[in-house]
Amino acid sequence: MSALIDQLAPESGLPDDSHAEVRRRAQARLMSQGFPDPKTEAWKYTSLRVLEKREFQGIGQQAVPRCALPFAADVLAFDNGQYNPDASTLPDGVRLEPLDAQSLETLDYAGREDAFAWLNLARFEQAWKLSIDAPLARPLVLAFATSDDFSGAVHPRLHIELAANASATLVEWQHGQGEGLVNLVEQIHLNPNARLHHLVQRQHGELAWVQRTDVSIERDADYRFHALDGGGRLVRQDLRLDLLQAGAHGEIDGVALLDSRQHVDYHTAINHQVGHTTSRESFRMMADGTGVGVFNGRIYIARGADDSHSDLNTGNLLLSDSARINTKPELEIYAEDVTASHGATIGQLEDSALFYLRTRGIPTQEAMALLKFGFAAEPLENIENDTLRDWLMVLLNEHLGSF
Amino acid sequence: MNDMLKISQLKVAIDDKEILKGLDLEVGPGELHAIMGPNGSGKSTLGYALAGRDGYDITGGSIEFDGQDLADMEPEERAAAGLFLAFQYPVEIPGVNNAYFLRSALNAQRKARGVEEIDGMTFLKSVRESLKQLKMDEALLKRAVNEGFSGGEKKRNEIVQMAVLQPKLAVLDETDSGLDIDALKLVAEGINRLRDGKRSFVVITHYQRLLDYLNPDHVHVLSGGRIVESGGEELARRLEAEGYGFLEESAA
Ligand SMILES: Nc1ncnc2c1ncn2[C@@H]1O[C@H](COP(=O)(O)OP(=O)(O)OP(=O)(O)O)[C@@H](O)[C@H]1O
Ligand SMILES: [Mg+2]
């Protein structure tokens, strides 16, 4: 554990810039609380041993992969965690500026389970404020890529704000190579009536990727998240939605596909802080080989948040005897007149479905591939934009070809 | 001429429990046979055994389909050879698009027979035609296979599949159960449209109503794992009027 402090948060290396005060405070918290250990509930199934064994060095010299997408978009490139203006275009209605010191002063995180958020606050190289002021005509892509020789530990920080009535489609294209660590913190705020469709397409090889995405949603604003997650050596995604005012709506849909040497941990939380707020969540995990998946989905309906509605369902598919998936839906309800439901299943491919397909002439292998696709595609089906849905479906299909 | 289907002294066991106990049935080309019989007598078991379901162990006898011994054929090989089973309880396949499924099935069968794949337009035209004839909403094509379909829609969807796949022998397991009166007629028409003097049918049903539209060549009663009575359409009418009671008397 102290090995991680030595490697990732040495007392000495804090940058002395306009954020120095905030950094010192975060460092102190991190030192006193430490990193998660096997007794930390929120990290029970995700060990940091992979990180302990790594030696973090330079961020690499080689070129990072560039995204090639089948749709017109504006791209903001983050190469090895650093914003690269030369590979980026900012459309009208979008501003990207260094974050002012004030925005960070009052930030607070919890204990040991939030160690990586504290680490980011102490160590971020750059902190950006991305402002979306108007409805955007085409998707805005955040391209996060690392190079083949990347072995650093980087801590990008991005605060995204949608103005009232603004709307955007934000696509995170994450393709990590190398053996370092990216510890990304995103803070997203939707002002009244704003709409954000947030898609994450993730494919990291040996990279370790820790991401925390906190989303706050005001009156009548609408946030939708879709993930197609191809995993990585160690991926941890914390996604937290706070429904702050009446009419706020949040949705999380995702599928994670895991094979050997891959570990993906999603911790999602949807917090209905006030009444008349709605949410839903659907998540699928599929694990083959020695892949390990963790899903923890929490729905919290605060005292007085009456007339709130939520539905969470998760499905898990194990394709080998040594694959593992730990799944836990949690409902915490302190209000009245609410509807909240959850369901979770862990299973193997259905014999009856396989037989049905085969009686129609579809050979066994192809039938199994169809069933896997059907299982994994479900959370992506409600993507309203045909182009984006087709894009992810094609990627899903390609990905399953390797299973 | 050879039989389309020749079942001799067939014995089938599930988990070591014998369900079919020496069943004989011969279906010639172009013939339509109806099989009736009490609940639990083994009708669906026969359908599954024909289709090749795992766990339905053939412990005796033989099944010959269009001159081939079915025993060692996989379900997909039987389908490619022209055998079709409409399920009593069609299976829901979440996330698999109905149109995509049907096209994959058709192309897999064509590939197995060495015929080139069907092009998208021709395929869509043929499915749309079948949907229209069965008064099914085209939107069902975009939905997941059978998922959220009503009972009757599932049954009609089986007939759509049959119409698209054009099998040599179709075994229809209670496709009429759960259909409203109009749908029953549509399904019967769907079956009759495919009758061309060569294609054969085994229609499992509990009710004479469907048979009134189909005019079966033969009617059989399956009871206790055997065919215990065979006859013409008049047998179905007698069963409708009297129930299965008289069979026990004649057996006794
Ligand atoms: N998996 C199984 N394990 C044990 N017994 C089974 C199994 N499947 C079917 N059976 C038994 O086999 C017998 C025949 O069942 P089958 O489904 O073939 O009847 P059926 O004639 O189609 O009846 P119905 O008219 O109700 O559809 C029944 O007694 C049933 O309980
Ligand atoms: Mg039956």
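Residues numbered from 1 in each chain as written. Chains lettered and ligands numbered in written order. Predicted model: local features only at pLDDT ≥ 70, side-chain atom pairs only at ≥ 80, totals over all residues. Heavy atoms only, no water.

A. Region of the structure containing the overall build of chain A. Scanning chain A from terminus to terminus reveals eight helices and 20 strands. Rg of the C-alpha trace for chain A: 21 Å, near the compact-globule value of 22 Å for 403 residues, within the 12% margin. Projected onto its principal axes, the C-alpha coordinates of chain A cover approximately 70 × 50 × 45 Å. For chain A, buried positions account for 58% of its 403 residues. Looking at chain A alone, contacts between residues at least 24 apart form 85% of all its contacts between residues at least 6 apart. Approximately 15500 Å² of chain A is accessible, and the part contributed by carbon and sulfur atoms is 47%. Within chain A, the 58 negative side-chain charges are centred at a point lying 4 Å from the centre of the 35 positive side-chain charges. (Helix = DSSP H or I, 4+ residues; strand = E, 2+ residues; numbered from the N terminus. Rg over C-alpha atoms; globule rule 2.2 N^0.38 Å. Buried < 20%, exposed > 50% of the residue type's maximum accessible area, 1.4 Å probe, protein only. Contact = heavy atoms within 4.5 Å. Areas by Shrake-Rupley, 256 points an atom, 1.4 Å probe, with all protein chains shown as cover. Lys, Arg positive; Asp, Glu negative; His and termini not counted. Charge placed at Lys NZ, Arg CZ, Asp CG, Glu CD.)

B. Up close: the site of ligand 1. Residues and elements named next belong to chain B. Neighbouring ligand 1 are 14 residues, the closest being Gly40, Lys43, Ser44, Thr45 and His206. Here Lys43 contributes a side-chain N or O atom positioned 2.8 Å from an oxygen atom of ligand 1. Here Thr45 contributes a side-chain N or O atom positioned 2.5 Å from an oxygen atom of ligand 1. Notes on ligand 1: free accessible area 640 Å², of which the protein chains cover 65%. The leading source of residues in the shell around ligand 1 is helix 1 (residues 43-51), at three residues. Of the residues assigned to the shell around ligand 1, the class counts are three nonpolar, eight polar and three charged. (Near = heavy atom within 4 Å. Polar contact = N/O pair within 3.5 Å; in protein donor to acceptor, adjacent residues only side chain to side chain. Nonpolar A, V, L, I, M, F, W, Y, C, P; charged D, E, K, R; others polar.)

C. The arrangement of the coordination of the magnesium ion (ligand 2) in detail. Ligation of the magnesium ion (ligand 2) by protein atoms is provided by Ser44 of chain B (OG) and Gln88 of chain B (OE1), these donors lying 2.0 to 2.1 Å from the ion. In this pair, Ser44 of chain B is assigned in helix 1 and Gln88 of chain B in the loop between strand 6 (83-86) and strand 7 (93-97), connecting sequence segments 44 residues apart. (Donors = N, O, S within 2.8 Å, 3.2 Å for Na, K, Ca; no water.)

D. Looking closely at the packing of helix 3 (residues 98-112) of chain B against helix 5 (residues 151-165) of chain B. All names here are of chain B. Between helix 3 and helix 5, whose axes approach to 10 Å, the crossing angle comes to 35°. Where helix 3 crosses over helix 5, the two elements pack in a sense that is right-handed. Along its contact with helix 3, which presents Asn98, Phe101, Leu102, Ala105, Leu106 and Gln109, the element helix 5 presents Asn157, Val160, Gln161, Val164 and Leu165. The residue makeup of the contact of helix 3 with helix 5, split by class, is seven nonpolar, four polar and no charged. (Axes fitted to C-alpha atoms, helices over the stretch in contact; angles between N-to-C directions. Left-handed = near helix turned anticlockwise from the far one by under 90°.)

E. Inspection of the interface of chain A and chain B at higher detail. With 18 residues of chain A at the interface, the matching set in chain B holds 30 residues. Of the roughly 1900 Å² buried at the junction of chain A and chain B (both faces included), carbon and sulfur atoms supply 66%. By the criterion of area lost to chain B, the three top residues of chain A are Phe355, Tyr356 and Arg360 of chain A, representing 41% of everything that side buries. Across the contact surface, chain A and chain B share three salt bridges. Its salt-bridge partner being Arg358 of chain A, residue Glu76 of chain B comes within 2.6 Å of it at the nearest N-O pair. At the level of secondary structure, the elements contributing two or more residues to the side of chain A that touches chain B comprise helix 6 (351-359) and helix 7 (364-377) of chain A. (Buried area = accessible area lost by both parts, 1.4 Å probe. Salt bridge = Lys/Arg side-chain N within 4 Å of Asp/Glu carboxyl O.)

F. Up close: the environment of Tyr100 of chain B. For Tyr100 of chain B, the location among the structural elements is in helix 3. A sequence separation of 83 residues divides Tyr100 of chain B from Lys17 of chain B, and the C-alpha atoms of the two residues are 38 Å apart.

G. Region of interest: the pattern of salt bridges. Residues and elements named next belong to chain A. Within the structure shown, the criterion is met by 38 salt bridges over all chains. One salt bridge in this structure joins Glu206 and Arg261, with 3.0 Å as the shortest N-O distance. Linking Glu206 in the loop between strand 10 (195-204) and strand 11 (208-217) with Arg261 in the loop between strand 14 (249-258) and strand 15 (263-272), this pair joins segments that are 55 residues apart in sequence. A salt bridge links Asp265 to Arg236; the nearest nitrogen and oxygen atoms lie 2.8 Å apart. Here Asp265, found in strand 15, pairs with Arg236, found in strand 13 (residues 234-243); they are 29 residues apart in sequence, far enough to count as distant. By relative accessible area, which is 0% here, Asp265 ends up buried.

H. Expanded view of the environment of Met36 of chain B. Residues and elements named next belong to chain B. Relative to the elements of secondary structure, Met36 occurs in strand 3 (residues 32-36). Taking the relative accessible area as the measure of exposure, Met36 reaches 1% and is therefore buried. With 144 residues separating them in the primary sequence, Met36 and Asp180 have C-alpha atoms 20 Å apart.

I. Focus on the sheet that holds strand 3 of chain B. Residue and element names in this part refer to chain B. What the six strands build is an open sheet, ordered 6-9-10-3-11-12; its pairing is mixed. Each end of this open sheet is capped by a strand with a single partner; those strands are strand 6 and strand 12 (226-231). The mean inter-strand angle of the sheet, taken between neighbouring strand axes irrespective of direction, is 20°. Here strand 6 runs beside strand 9 (residues 169-173); their pairing, made up of four bridges, is parallel. (Pairing = 2+ DSSP bridges.)

J. Expanded view of a positive patch on the surface. All names here are of chain B. On the surface, a cluster of positive charge is contributed by Lys11, Lys17, Lys21 and Arg226. Tracing the chain through its elements places Arg226 in strand 12. When its relative accessible area of 42% is taken as the criterion, Arg226 is described as partly exposed. (Patch = residues over 30% accessible without salt bridge, like charges linked within 9 Å, V, L, I, M, F, W, Y side chains within 5 Å.)

K. Representation of the sheet that holds strand 20 (residues 339-347) of chain A in the model. All names here are of chain A. The strand order across the open sheet built from ten strands is 2-1-5-8-10-12-14-16-18-20, with neighbouring strands paired in mixed fashion. The open sheet has two edge strands, strand 2 (82-84) and strand 20, and neither has a second partner. Sheet twist, expressed as the average angle between the axes of neighbouring strands with direction ignored, equals 10°. Both strand 1 (residues 74-79) and strand 5 (residues 140-145) contribute to a ladder of six bridges, which runs parallel. The partner of Val75 across the bridge, within strand 5, is Val141.

L. Region of the structure containing helix 7 of chain A. Along its 14 residues, helix 7 of chain A runs 20 Å from first to last C-alpha, staying within 8% of the 20 Å computed at 1.5 Å per residue. Considered for burial, the residues of helix 7 of chain A that qualify are Ala367, Leu370, Leu371, Lys372, Phe373, Gly374, Phe375, Ala376 and Ala377 of chain A. (Expected span 1.5 Å × (residues − 1).)

M. Examining the pairing of strand 11 (residues 218-223) of chain B more closely. Residues and elements named next belong to chain B. In this structure, strand 3 lies alongside strand 11, joined through four bridges in parallel fashion. Paired with Ala34 across the two strands is Val219, which belongs to strand 11. In the sheet, strand 11 pairs with strand 12 via five bridges, with the strands oriented antiparallel. Each residue of the ladder has a partner; that of Ser223, found in strand 12, is Arg226. Between strand 11 and strand 12, which pair antiparallel one after the other, the connecting turn spans two residues, and Gly224 there sits at a positive phi close to 60°.

N. Geometry of a negative patch on the surface. A contiguous patch of negative charge, built from Glu350 and Asp351 of chain A together with Asp15, Asp16, Asp54 and Asp57 of chain B, is present on the exposed surface. The topology assignment puts Asp351 of chain A in helix 6. For Asp351 of chain A, a relative accessible area of 61% corresponds to the exposed category.

O. Main features of the packing of aromatic side chains. If you walk through the whole model with that rule in mind, you get 17 aromatic pairs over all chains. When the centroid spacing of 5.3 Å and the interplanar angle of 65° are considered together, the rings of Phe35 of chain A and Phe116 of chain A count as edge-to-face. Of this pair, Phe35 of chain A sits in the loop between helix 2 (20-33) and helix 3 (49-52) while Phe116 of chain A is found in helix 5 (residues 115-123), placing the two residues 81 residues apart along the sequence. Relative to Phe295 of chain A, the ring of Phe283 of chain A lies with its centre 4.9 Å away and its plane at 25°, an arrangement referred to as stacked. Within this pair, whereas Phe283 of chain A is found in strand 16 (residues 278-287), its partner Phe295 of chain A is found in strand 17 (residues 292-301), the two being separated by twelve residues in sequence. Across the pair, exposure class does not vary: Phe283 of chain A and Phe295 of chain A are buried alike. One aromatic cluster is present, formed by Phe355 and Tyr356 of chain A together with Tyr48, Tyr56, Phe87 and Phe101 of chain B through successive ring pairs. Looking at Arg23 of chain A, its charged tip hangs above the ring of Phe124 of chain A, at a distance of 4.0 Å from the centre. One cation-aromatic arrangement involves Arg53 of chain B over Tyr48 of chain B; the distance from NZ or CZ to the ring centre is 4.7 Å. (Phe/Tyr/Trp six-rings, centres within 6.5 Å; stacked < 30°, edge-to-face > 60°. Lys NZ or Arg CZ within 6 Å of the ring centre and 35° of its normal.)

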